[in-house]
Amino acid sequence: MASSPIFPRSASFSRVGSTPRSPFFLSSAGVVVPAVFFGGIGSRCRSRRLGRSISVRSVASDREVKRSVNAGGTPSFKKSIANDASTIASNIKYHADFTPSFSRESSDLPKAYFATAQSVRDALIINWNATYEYYEKMNVKQAYYLSMEFLQGRALLNAIGNLELTGQYAEALRQLGHTLENVAEKEPDAALGNGGLGRLASCFLDSLATLNYPAWGYGLRYRYGLFKQNVTKDGQEEVAENWLEACLLTLMGNPWEIVRNDVLYRIKFYGKVVIGSDGKKHWIGGENIEVIAHDVPIPGYKTTTTINLRLWSTRVPSKNFDLGAFNSGEHAKASKAHSDAEKICYILYPGDDSLEGKILRLKQQYTLCSASLQDIIVRFEKRSGSSINWEEFPNKVAVQMNDTHPTLCIPELMRILIDVKGLNWDQAWKITQRTVAYTNHTVLPEALEKWSLELMQKLLPRHVEIIEKIDDELLKNIISENGKEDLELLEKKLKDMRILDNVDFPDPVQKLFHKPKKETIKGSLKKILTEAPLQSVQNLLVKNSSVLEEDLSEKAEAEEEDPEDGELTFLKSNLQLPKMVRMANLCVVGGHAVNGVAEIHSDIVKKEVFNSFYELWPEKFQNKTNGVTPRRWIRFCNPELSGVLTKWLGTDEWVLNTEKLAELRKFADNEDLHLEWRAVKRNNKTKVASFIKEKTGYMVSPDSMFDIQVKRIHEYKRQLLNILGIVYRYKKMKEMSAKERLSSFVPRVCIFGGKAFSTYVQAKRIVKFITDVGFTINHDSDIGDLLKVVFVPDYNVSVAEMLIPASELSQHISTAGMEASGTSNMKFAMNGCILIGTLDGANVEIREEVGEDNFFLFGARAHQIAGLRKERAEGKFIPDPRFEEVKKFVRSGIFGSCNYSELMESLEGNEGFGRADYFLVGKDFPSYLECQEKVDEAFRDQKRWTKMSILNTAGSFKFSSDRTIHEYAKDIWDIKPVLLP
C-alpha cells in the first residue's frame, strides 16, 4: 500500500491488528472502515465483547445491513483495540489513502482534517449503534428535541475530548507531520443555527449523551445557514454560508454526518380535504416532496452512550423533472419542482417580508414537524411489534418543542393519529397532550409567532380544520371554567386565550354577549305617536319643541357613532386586519407542560404573557433555568484554566459534577492561585490579540481590559447603549490631557460580535455605527491603546470559544424583563469573566450565585419598565445631560459623513413607531456610566479583580446544562438514564 502524499514518507506506524483475510468492512455510510476500529473506542468501551457478527444498523429505519468480511465468516476478536497513537495514526492514514474525497496528489491540511474526522467517526458509529441496539432491546421511553436551530460548532475537538483521546490524536497527527490545532482549524462551523436558541439545543444534546438519557435531536440541514457576515465600510454584508463546501468537501459533504438514503418520508403541501367512502377525511392532491435523513452522532463525555442528531434535507423524485419542458428549452420550468423542494432547506430563517418568504418559512416548520413525527411513529410501531397500543405512545415518547417553530407538531400528530391510524378525536387529543411539551424563549410580542390563517388554509388545509376544532373546544372550556355571570372577565379570557385571532366567534359564544338593541329615535317617536292621545302629543310638541329638537339631534349623532347598536365588536373579525393563528397559544393548549428558561422569565410568562392560561392550568407551568455544557465551554475551549481547576480542586470531577467548582471559594484569596489565574487569562488574551489582528487588521494590547459584548444584534440587547457609553468615554478622553487620561481611565479593548438579521434595518445601522466609531477611535493617535473598539465579523461558536476564555468584562445589558435567559452570560461566568448587566434573564440567578459584590449591576428593574414607558408617553421623561451631550457629539460628524439621524431619532420623542426610546437606553444611560466607573475602579485593584473572577467561576456551578437536563428528564419528559452494559 503506497503512502499518501499528505504524510511524510518517513513516518512509521505500528501494524494495524490482523483479521481473517480482509482487514476492512463497510460502514453504515457504505465506506470501507478498518475492521480494527469496530471494537468501540473510548474509556468505557474496552470491555465490549467482539466475538459476534458485525452489522451496521440504520438507526431510523431499523433495517440491519450485514456485510460479510470473508467467505469463511465474520471476524472474531479476543480484545478490543488499543487506544494508542500509532493505531490511530494508521487509521487516519488509511482514510487519507482510501476515502474518496481528495486526489492522491493533495497534501494540504483539509485532507488531513477530513481523514482525521473520518477516523473519529468510525469510533462514534460503533458506540452509536451499540447505544440504539440497547435502547431498542430495552424499549425505553425516549425524548425527542425538535428545534429549528442546532448551533453545534466544530465537532473534532469536542468528539475526541469526550472520548478522552485528545492526547492520542495529538500524538498521532504529530507522527503524521501535523499538529492537532492546525488540523482542527480546518473544520468549518456547521451553519445550523444563529444564536442562543441553537447553542442551547446543542448543549442539551451534549448533556443528554453524557448523562446517558435516551434522546434524539431533530432539525433541518440548512445548505447555506443563516448567512456569512462580512463587515465593510458600509456595515454588514450578507453572503451565503459555504460550510458544506468548505475544505473542498464537496464530494463527501460533512464528514460527521451519515446520509440515510433508506430513511425517506413524504410530505404534502396544498391540496384539499375530502371525505372518502370510508367516512374518514383524506388530504389529497397538492404538492409532494420527500425528506431524507442525515444523522450526526453526538458522543457523551466518559461514556459509551452516543445519541443522534437527525437533520432533514428535502427533494423530489427524478420523475418530477420535466424532461419534455427541458428539451423544449424551458429549463426553469423543467426543474421547478426540484428547486421548490430543495430551497426549503437552503436558508435558516429566510426573509419573510414577501408572501414567498412566508410560505417558505411555514414549509420549513411543517417539514421539521411532519418528518420528525413520522420517524418517531415508525420507531414506536417497530418497537411495539404486532400489538400496537396507542395509549402507550406517551409512555414511550416525549416531544419537546424548542420555541414556537415546531408548533405544527400538535395538529400534525393529531392528523396522523386520526386520519392515518384511525383513532377518534378524544383519543388522539389525550395522546397528543400527554406527549408534547413547549419551551417558551421570549416575551417579545413580535417573537410570539402568528401565522396568516389564509396562508395556512392554502398550504395545510387539514391542519387548519384541526386547529379550528382545538380552538372551538378551548372556547367551550374557557366558558365552562369561568362561567357566564361576569361577561367582562369572560371577554378578557376569550381574547387572551383564543388560538384564532381576528376570526368570528362561534354563534353560541356570540349569543352569550347578545344585548337588546337600543331603541332608536325613529322607534321612540313612532311609539309616542301611535300610543299617546293626539291632544297630548300636540301639547308636548308645542311646549318642548326646542328641548326635544336638541335632544333628538344628540341622540341621532350618537346612533351614527354606534351603528352596531350594542353589538360587541370583539366577537366579529375586522375586515381591515388579517386573520391569524397564534402559535404560542396553540403550544400552551396542546402540551402538558410549558416552561420558561430563567426564574424571572418564568414569572413573567405566568404573570403577564400567559396569565390567563396560568390561572386555568397552573400545573402546566414550570421553570427550567438554562445551562451550558462545561465540556465545551470550559474543559475544551479553555484547557489551561481546566488544568488550574483540576489542580486546585484535586480532581477533574468538576467536568461532570460542576458543584465541585464551588470549592474554589476557599482558595479565592490564595496568592499562588491568583498568579496562575492571571497567567491563564493573559495567555488567552494574547491569542485573541493575534486573532483580532488577523481578522480586522487592528492591533490591540493584551495589557488592556478585554470588554466583550457578543450576541445577536437587537435593539433590546442594547449594543447601542454600549457603543454610546464608549463614545461618551472617548469624548471625555479627548477633553483631557494625556496625563489626565491615564489617571482617569483604565485601558480597554471593547469587542463586539454578532449578526443582525438581513431585514432588520435598525440592527444593521447599529453594526455600521459600531464599526465607524471603531475606525475613528482606533486611528486616533492621542488615544492609542487607552481605548480600542473592534467588531469581529461572522461571530460563531468557534469565535466564541476563543473570545470567552480571554474575557474580563462581559456586557449583558438588555432592557430588564425582555431577555428570556441568555446563555452566553453563563459561559463568561464559567471562564472567570465578571458581568455588567441589568436584572434580566439569568443575570438575576448568576448574581445570586456569584455574589452581589462580584457583579456590576445597573438599570431599571423589570417591574418598573411599563411605568417608565407610560411616563415617557406622557412627556414626563427628562433626559440626563450626559445623554444629550453624547447624542450631540455623534451628530457632529466626528465618526464620518453619516449623522446617524435614524439611530438618534429612535431615542427621541414621546411616541410613534421607531421612536420614544422603547428600550430605555436614555433612562439607563446615567446608571450605566456610573457603573462603568465602578468597573474601572475595581480593575485597578488586580487582587480584588482576580478574586472576583475566581468567585464567578466558583459560583457558575448551577449553570451547567447537566442540571437543566436532569430537571427536564424528571419533571417534563419522565425519562431515566440508561447505562449500556
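It should be noted that the structure appears before, not after, this text.
Because the structure is predicted, anything quoted here is derived from the model rather than measured. (Residues numbered from 1 in each chain as written. Predicted model: local features only at pLDDT ≥ 70, side-chain atom pairs only at ≥ 80, totals over all residues. Heavy atoms only, no water.)

**Student:** Just checking my understanding: could you explain the sheet that holds strand S18 (residues 580-582) for this structure?
**Tutor:** Think of a sheet as strands paired side by side through backbone hydrogen bonds, with each pair either parallel or antiparallel. Taken in spatial order, the 3 strands make up an open sheet running S16-S18-S17, and their pairing is antiparallel. With one partner strand each, in any of the chains shown, strand S16 (450-452) and strand S17 (500-501) form the two edges of the open sheet. The sheet contact formed by S16 and S18 spans 3 bridges and is antiparallel. Each residue of the ladder has a partner; that of serine 452, found in S18, is methionine 580. Helix-sheet contacts for helix H21 (residues 583-590) involve S16 and S18, and the interaxial angle to S18 is about 45 degrees. (Pairing = 2+ DSSP bridges. Helix = DSSP H or I, 4+ residues; strand = E, 2+ residues; numbered from the N terminus. Contact = heavy atoms within 4.5 Å. Axes fitted to C-alpha atoms, helices over the stretch in contact; angles between N-to-C directions.)

**Student:** Where do I start with the packing of aromatic side chains in this structure?
**Tutor:** By convention here, two paired aromatic rings are described through the distance between centres and the angle between planes. Inspection of every chain in the model, using the stated rule, returns 38 aromatic pairs. Ring plane angle 70 degrees and centroid distance 6.0 Å describe the contact between phenylalanine 269 and tyrosine 366, whose orientation is recorded as edge-to-face. Residue phenylalanine 269 is found in strand S9 (residues 258-269), and its partner tyrosine 366 is found in helix H10 (residues 355-384); the two are separated by 97 residues along the sequence. The pair formed by phenylalanine 269 and tyrosine 366 is uniform in burial state, with each residue classed as buried. Here the aromatic residues Tyr132, Tyr135, Tyr144, Trp216, Tyr218, Tyr265 and Trp312 are joined through ring pairs into a cluster of three or more. If you follow arginine 869 out to its NZ or CZ, it ends over the ring of tyrosine 918, 3.7 Å from the centre. (Phe/Tyr/Trp six-rings, centres within 6.5 Å; stacked < 30°, edge-to-face > 60°. Buried < 20%, exposed > 50% of the residue type's maximum accessible area, 1.4 Å probe, protein only. Lys NZ or Arg CZ within 6 Å of the ring centre and 35° of its normal.)

**Student:** So what exactly am I meant to see when it comes to empty space enclosed by the protein here?
**Tutor:** The probe, sized like a water molecule, is rolled over the atoms to show the empty space still left. Tallying each qualifying case throughout the model produces 6 cavities of 30 Å³ or more. Looking at the largest cavity, its volume works out to about 380 Å³. As for the largest cavity, its lining consists of 30 residues, of which Gln152, Gly153, Arg154, Ala155 and Val296 are closest to the centre. Elements represented by at least two residues in the lining of the largest cavity include exactly helix H2 (109-138), helix H3 (156-162), helix H6 (196-210) and strand S12 (287-299). Of the residues that constitute the lining of the largest cavity, the class distribution is 18 nonpolar, 7 polar and 5 charged. (1 Å grid on protein atoms, 1.4 Å probe; cavity = no way out; pocket = protein on both sides within 12 Å on 5 of 7 lines; lining within 4 Å. Points joined across faces, edges and corners; volume = space filled by probe spheres on them. Nonpolar A, V, L, I, M, F, W, Y, C, P; charged D, E, K, R; others polar.)

**Student:** So what exactly am I meant to see when it comes to unusual backbone geometry here?
**Tutor:** Trans peptide bonds make up most of the peptide bonds, and negative phi angles are found at most residues other than glycine. Even without being glycine, asparagine 502 reaches a positive phi, approximately 60 degrees. Following the sequence through the fold, asparagine 502 ends up in the loop between S17 and helix H17 (507-512). Residue aspartate 917 is not a glycine yet carries a positive backbone phi of 50 degrees.

**Student:** Can you walk me through a nonpolar patch on the surface in this structure?
**Tutor:** On the surface, Phe321, Leu323 and Phe326 cluster together into a nonpolar patch covering about 260 Å² of accessible area. With respect to the helices and strands, the residue leucine 323 is situated in helix H7 (residues 323-327). Taking relative accessible area as the criterion, leucine 323 reaches 51% and is therefore assigned exposed. (Patch = residues over 30% accessible without salt bridge, like charges linked within 9 Å, V, L, I, M, F, W, Y side chains within 5 Å. Areas by Shrake-Rupley, 256 points an atom, 1.4 Å probe, with all protein chains shown as cover. Salt bridge = Lys/Arg side-chain N within 4 Å of Asp/Glu carboxyl O.)

**Student:** Just to check I follow, could you spell out the sheet that holds strand S19 (residues 594-596) for this structure?
**Tutor:** In spatial order, the strands read S9-S12-S13-S6-S5-S14-S15-S19-S20; together these 9 strands make up an open sheet with mixed pairing. Single-partner strands in this sheet number two, and they are S9 and strand S20 (621-623). Each strand axis lies, on average, 25 degrees off the axis of its neighbour in the sheet, ignoring direction. Both S9 and S12 contribute to a ladder of 9 bridges, which runs antiparallel. Among the inter-strand pairings, arginine 260 is bridged to a residue of S12, identified as alanine 293. Packing against the sheet, helix H13 (residues 425-435) makes contact with strand S14 (397-402) and strand S15 (436-439), and its axis sits at approximately 40 degrees to S15. Each of strand S5 (142-146), S14, S15, S19 and S20 touches helix H38 (residues 961-973); the most contacted strand, S14, lies at about 115 degrees to it.

**Student:** Honestly, the pairing of S12 in this entry has me stumped. Any pointers?
**Tutor:** Across a regular strand the side chains alternate sides, sitting on one face of the sheet and then on the other. Summarising burial for S12: 11 of the 13 residues are buried, a large majority. As paired strands, S12 and strand S13 (residues 306-315) are joined by 10 bridges and run antiparallel to one another. Following the sheet pairing, isoleucine 298 is matched in S13 by isoleucine 307.

**Student:** Would you explain the side chain of lysine 732 in this entry?
**Tutor:** Examined against the element boundaries, lysine 732 turns out to sit in helix H27 (residues 719-734). Since its relative accessible area comes to 19%, lysine 732 is described here as buried. Once residues within four sequence positions are removed from consideration, lysine 732 is found in contact with Phe745 and Glu885.

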